[in-house]
Amino acid sequence: MMFDLIALTLIQKALLAATLLGVMCGVLGTFVVVRRISLVGDAVSHSILPGIVLGFVVSSALGMNRNPWVIFTFATLVGLLSMLTVRQILATTRLKNDAALGIVLSGFFGIGLFLKRSLRPYMESAGGLNDFLFGNLATIAEADLKAIFIVAILIVITVSLLLRPFILISFDVLFAKTLGYPVKLLNLVFYSLLTVTIVVSVQAVGVVLVSAMLIIPASSAFLLTDRKYHMMWIAMGFGAFSGLGGCLIANSFDDVNVPNGATMTLTAAGIFLISYFYAPNHGILAKWSKQRKLERVVRNENALKQLYKSLGDDAALEKSVTLSEFASMNRFSEKEALSRLQSLVKHEYLTVSGKLYKLTSSGLTRAMQLVRNHRLWELYLTNQADYPSDHVHDDAELIEHVLDEATVKQIEAELGFPSEDPHGQPIPKPQPSREHA
Amino acid sequence: MSTALETHDLTVTYDKKPVLYGIDLEIPQGQLVGIIGPNGAGKSTFIKSVMGVLPVTGGWVKVFGEPLAKNITRVGYVPQRGSVDWDFPVTVMDVALQGTYGKLGMFRRVGKKERKIASEALDKVGMLDYAKRQIGNLSGGQQQRVFLARAIAQDCDLYFMDEPFVGVDAATESAIITLLQEMRAKGKTVVVVHHDLQTAPEYFDMLMLLNMRLVAFGPTSEVFTKEILQKTYGGKLTILSEIATEAAKNDLTKTHSKTP
């Protein structure tokens, strides 16, 4: 080993194990999330119980008390067997994925609970067997830590070697097959890595919460980025942080025995909540503020349009309005009118001198664009989409704010560059000025 | 003219339901071939089984005179747009690069050469400006163009495309057809599952009319006739389909082979 594990205190061992588990779960969790097989983690973690019990029995029979390698091997084999059982059920019955997973999860877990009791006489000591059910890092043994360390290295190396094919079969398995990639073999390797990861994680966080460590850090990462590679690094970091942080929190309670699994899961969930709200593109707040911004734009632009119409289309640049005139033409309160006007001045659609507000040329252009967009869209709906002409106004009222110039050109071309809308109103031809978002 | 694709007595069952019976076919090189037929006629199934994605129950497939495995890098596949998850965290460039994976193999790293191939392919379909975008932020037509860029990056001699014209805008449709004609001009063979009877005679040199069995195959001018179309679209082969499903359910073939 690279360093002397004996020199580590119990707590340091626990922290190291938790961090390694977080990394492993983060790496494989990203695939679990993008492949939409999140339930598989739960199914495997429950299904391996018979394997763990058998591992204890065989360890005892070989004269070793609780050998991690024996336990990992049996648990992994049983985990793979459970996945094969799911496949077999799907291939030979009309049952679908959820039912098949449910049957296997509970069936294997039931067998495990039964064996745990009935095989008790054949185990030298069942100490630590309950740790696999509920998770416990505080008593992690030297040999366990070594095993986790080696498995973690193995997984990171295998995934980095097979990263490109793994991503391809997750994204487009049909295409991967037509390239001649050995999809079945790749899937077998993937599910084996996943099972091994679950097996070594179970003793830390327990059967029930292991899928949380797989799914939550990866899901948080998915909300933060659109690149698979970045997603993996972020998920690894979140996983490690959840493991380490959760372990530290659990250890900070001196008098009560707080389970590691719970605190690790809660740390991961805390990170998820943060990215749920604050993720720059896919977060709730980002979506909310985008929506608010659009609402503001619509309110401002509607006021601008109103102003342009009431000033009279041609000489709009020459004339000006006062606050109270503007308020009455829009049926605004003075307060509302003032904030609208100030906002339009800020966008350089208006200038203000004393009490008089005047349109700027970019304000005029934008107003004409809006009116044009509105009338064009009405015409498009009436002529091309066969809408009755009295049904088109409300739709155009919204669309006018979001039509971009490229689409406008397309519509104009399709309609043969019309000059009047379905209600006989002229369609203005604004001079292009600066771009408006 | 040499043969791009040859099938003999190709029979496919899918989910225990037989879909294709005894397809005998020889597609010469350098042709644009359209596959048309009603829903459930087995059009997608045909190209999937030829590409080795679906298991073949009987008969054989040869590509350029040899089994598919020998010439797999010469054959490209463009799946239906709906067959992948467009929320998947990959960019337009990542998908175009997948076209180079076949020749690259599983382990070699993507290098400058591959990036250049993918960029050129994206440029060809007018999607280079979108290279860094996540694929979900694209319109249907743009998504289809990305799939085509991936196919161009594959640089194959024979392509199978599953409904590339579905859900795309008029500009994309004409861009795709120009591209297919360019491919043909280079001597490539393109086989396209098509759903629109109006454009079929205009787009394709040869047509394959499919309805669970091959109704007709030949130059468009010869097979795009009222009589053949009626035969293709005139109802599914209900009895054939039901009997065959029943036979598959009861594993008649097994019983048969066990009979001395």
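Remember, it's a predicted structure, so these values are computed and weren't measured experimentally.

### Observations regarding the overall build of chain A
Inference 1: When helices and strands are counted, chain A shows 18 helices and 3 strands.
Inference 2: The C-alpha radius of gyration computed for chain A amounts to 32 Å, which surpasses the reference 22 Å derived for 437 residues by more than 25%, pointing to a less compact arrangement than a globule.
Inference 3: When the backbone C-alpha atoms are referred to their principal axes, chain A occupies close to 100 × 55 × 35 Å.
Inference 4: Of all 437 residues assigned to chain A, the portion counted as buried reaches 42%.
Inference 5: Put simply, of all contacts in chain A between residues at least 6 apart along the chain, 70% involve residues at least 24 apart.

### What to know about the overall build of chain B
Inference 1: When helices and strands are counted, chain B shows 11 helices and 9 strands.
Inference 2: Counting only residues that meet the buried cut, chain B has 38% of its 260 residues in that class.
Inference 3: Long-range pairs, those at least 24 residues apart, make up 70% of the contacts in chain B between residues at least 6 apart in sequence.

### Comments concerning the domain arrangement of chain A
Inference 1: According to the domain assignment, chain A consists of domain 1 (5-280) and domain 2 (286-359).
Inference 2: For domain 1 of chain A versus domain 2 of chain A, the separation of C-alpha centres amounts to 59 Å.

### Brief notes about helix α5 (residues 97-118) of chain A
All names here are of chain A.
Inference 1: End to end, α5 covers 31 Å across 22 residues, agreeing with the expected 32 Å (1.5 Å per residue, within 8%).
Inference 2: If you check which residues of α5 are buried, you get Leu101, Val104, Leu105, Phe108, Phe109, Gly112 and Lys116. One side of α5 holds all its buried residues, which, seen down the axis, span an arc of 115 degrees. Away from the buried face of α5 by more than 90 degrees, exposed residues Arg117 and Ser118 are located.
Inference 3: Elements in contact with the buried residues of α5: α2 (38-47), α3 (49-61), α4 (68-92) and α6 (129-134).

### A look at the sheet that holds strand β2 (residues 17-28) of chain B
All names here are of chain B.
Inference 1: Reading across from one edge, β2-β1-β4 is the order of the 3 strands in this open sheet, with antiparallel pairing throughout. The outermost strands of the open sheet, each flanked by one partner alone, are β2 and β4 (58-63). In this sheet, neighbouring strand axes are inclined to one another by 15 degrees on average, regardless of whether the strands run parallel or antiparallel.
Inference 2: Taken together, the 5 bridges between strand β1 (residues 3-14) and β4 define a ladder with antiparallel strand orientation. In the sheet register, His8 faces β4, and the bridge partner there is Trp60.
Inference 3: Across the sheet, helix α1 (residues 43-50) is in contact with β1, β2 and β4; its angle to β1 comes to roughly 115 degrees.

### Brief notes about the sheet that holds strand β3 (residues 356-359) of chain A
The pairing of strands in a sheet happens through backbone hydrogen bonds and is either parallel or antiparallel.
Residue and element names in this part refer to chain A.
Inference 1: Strand order in the open sheet made by the 3 strands is β1-β3-β2, with antiparallel pairing throughout. The sheet is open, and its two borders are formed by β1 (320-321) and β2 (350-353), each paired with just one other strand.
Inference 2: Pairing between β1 and β3: 2 bridges, direction antiparallel. Along β3, the bridge assignment pairs Val321 with Tyr357.

### Some details on the environment of B:Ala171
Inference 1: Take B:Ala171: it is sitting in helix α6 (residues 170-185).
Inference 2: On a C-alpha basis, the gap between B:Ala171 and B:Gly141 in space is 8.5 Å, while along the polypeptide they are 30 residues apart.

### Notes on the packing of helix α1 (residues 10-34) of chain A against helix α10 (residues 183-224) of chain A
All names here are of chain A.
Inference 1: At a minimum axis distance of 6 Å, the contact between α1 and α10 shows a crossing angle of 65 degrees. For the crossing formed where α1 meets α10, the hand is right-handed.
Inference 2: Looking at the contact of α1 with α10 residue by residue, the classes come out as 21 nonpolar, 7 polar and no charged.

### Concerning the pairing of strand β8 (residues 206-211) of chain B
All names here are of chain B.
Inference 1: Counting buried positions over the 6 residues of β8 gives 6, a clear majority of the element.
Inference 2: Examined bridge by bridge, strand β3 (residues 32-36) and β8 share 4 bridges and lie parallel to one another. Pairing of Gly34 across the sheet is with Leu207, part of β8.
Inference 3: Pairing geometry for β8 and strand β9 (residues 213-219), over 6 bridges, is antiparallel. Bridge pairing in β9 places Asn211 opposite Arg213.
Inference 4: Between β8 and β9, which pair antiparallel and follow one another directly, the connecting turn spans 1 residue, one of which, Met212, has a positive phi of 70 degrees.

Definitions and limits used
- Residues numbered from 1 in each chain as written.
- Chains lettered and ligands numbered in written order.
- Predicted model: local features only at pLDDT ≥ 70, side-chain atom pairs only at ≥ 80, totals over all residues.
- Helix = DSSP H or I, 4+ residues; strand = E, 2+ residues; numbered from the N terminus.
- Rg over C-alpha atoms; globule rule 2.2 N^0.38 Å.
- Buried ≥ 20, exposed ≤ 12 C-beta atoms within 10 Å, placed from the backbone.
- Contact = placed C-beta atoms within 7 Å.
- Domains from an automatic or database assignment.
- Expected span 1.5 Å × (residues − 1).
- Arc of directions from axis to C-beta.
- Pairing = 2+ DSSP bridges.
- Axes fitted to C-alpha atoms, helices over the stretch in contact; angles between N-to-C directions.
- Left-handed = near helix turned anticlockwise from the far one by under 90°.
- Nonpolar A, V, L, I, M, F, W, Y, C, P; charged D, E, K, R; others polar.

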